[in-house]
Amino acid sequence: ACKKRFPVHFGISDFRLFPPNIVGYMNQEEDLRLAAELFDLCERLSFEELVRIRTDRISSGLNHALQDLWVRFRLESLVKAKNLALWIQKQAFFSPNYEDKMSLGLDIGCGEGMGVGALLEVAHAAMGIDVLISELVLAKKFLETYYHGRSYLLVAGVAEHLPLSNDIFSMVTARDVIEHVKNQERFMRETYRVMNRKGFFFTNTQSRFVWIEPHILLPGIGYLPRFLQPPCVRLL
């Protein structure tokens, strides 16, 4: 209706309504340059090799020990996908009837594709949305490697403006996402809008006051006044 045109990059539709740097990530041009590099290497390199390249490009200022920690975290994605799928199946909200229907799963902030993989273990088809195209290229490789032949779709978008119709997903996941979004209330409303009324939503986040902050692995940062947190993180 608004006549806006949405581009397609490397087979991934780009429905982002604002650039990723608004929520603290790289700018759109850097993201597309990195996505192009990964896409060109996709055919001949493994998922692990692409993870190492992406990590090296976005964390060149970090020491090698921290880079290796992040790479190991990413390379556990398949194990984590299967563990998350088992956890979902054990919950009271998961009905065995999902296996008898055309169940659809959505992973918001899908990153390298772990959550999409978990949903493919318990649903007929799944969709992943992320604000970074370079992450989605990585997810494409992960899913082609470990979930070849399964039905999935990857699109670029932002959590507060999901480019989706109402009432279509029977399960929605958003792991460690809510602390990154620009407008948390709108994100929750959008999630509710795209779920059907018998669906379930799984999300998680860390308390600000956990002693070891899970994104940067530094102790006690959450206890500081907010204006002191960024300079302390940079210093440490």
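Structure shown above.
Computed from a predicted structure; not experimentally measured.

### Quick look at a nonpolar patch on the surface
Step number 1: Residues Leu62, Leu66, Leu69, Phe209, Trp211, Ile212, Leu217 and Tyr223 make up a contiguous nonpolar surface patch of about 800 Å² in total accessible area.
Step number 2: Among the secondary structure elements, tryptophan 211 is positioned in the loop between strand 7 (195-204) and helix 8 (229-235).

### Digging into the side chain of serine 77
Step number 1: Inspection of the secondary structure assignment puts serine 77 in helix 4 (residues 77-90).
Step number 2: One polar contact links the side chain of serine 77 to the main-chain carbonyl oxygen of arginine 74, over a distance of 2.6 Å.

### Observations concerning the side chain of histidine 9
Step number 1: Tracing the sequence through the fold places histidine 9 in strand 1 (residues 8-9).
Step number 2: Of note is the side chain of histidine 9, whose polar atom sits 3.3 Å from the side chain of aspartate 14.
Step number 3: Beyond its immediate stretch of four places on either side in the chain, histidine 9 contacts Asp14, Leu32 and Ile133.

### Regarding helix 7 (residues 184-194)
Step number 1: Listing the buried residues of helix 7 in full gives Phe187, Glu190, Thr191 and Val194. Buried residues of helix 7 fall within an arc of 100° about the axis and therefore sit on the same side. In helix 7, those exposed residues whose orientation departs by more than 90 degrees from the buried face are Glu185, Arg189 and Tyr192.
Step number 2: Buried-residue contacts for helix 7 involve strand 3 (104-108), strand 6 (169-175) and strand 7.
Step number 3: Capping the start of helix 7, asparagine 183 holds a side-chain oxygen 3.2 Å from the backbone nitrogen of glutamate 185, two or three residues further along.

Reading guide: rules and limits
Residues numbered from 1 in each chain as written. Predicted model: local features only at pLDDT ≥ 70, side-chain atom pairs only at ≥ 80, totals over all residues. Heavy atoms only, no water. Patch = residues over 30% accessible without salt bridge, like charges linked within 9 Å, V, L, I, M, F, W, Y side chains within 5 Å. Areas by Shrake-Rupley, 256 points an atom, 1.4 Å probe, with all protein chains shown as cover. Salt bridge = Lys/Arg side-chain N within 4 Å of Asp/Glu carboxyl O. Helix = DSSP H or I, 4+ residues; strand = E, 2+ residues; numbered from the N terminus. Polar contact = N/O pair within 3.5 Å; in protein donor to acceptor, adjacent residues only side chain to side chain. Contact = heavy atoms within 4.5 Å. Buried < 20%, exposed > 50% of the residue type's maximum accessible area, 1.4 Å probe, protein only. Arc of directions from axis to C-beta.

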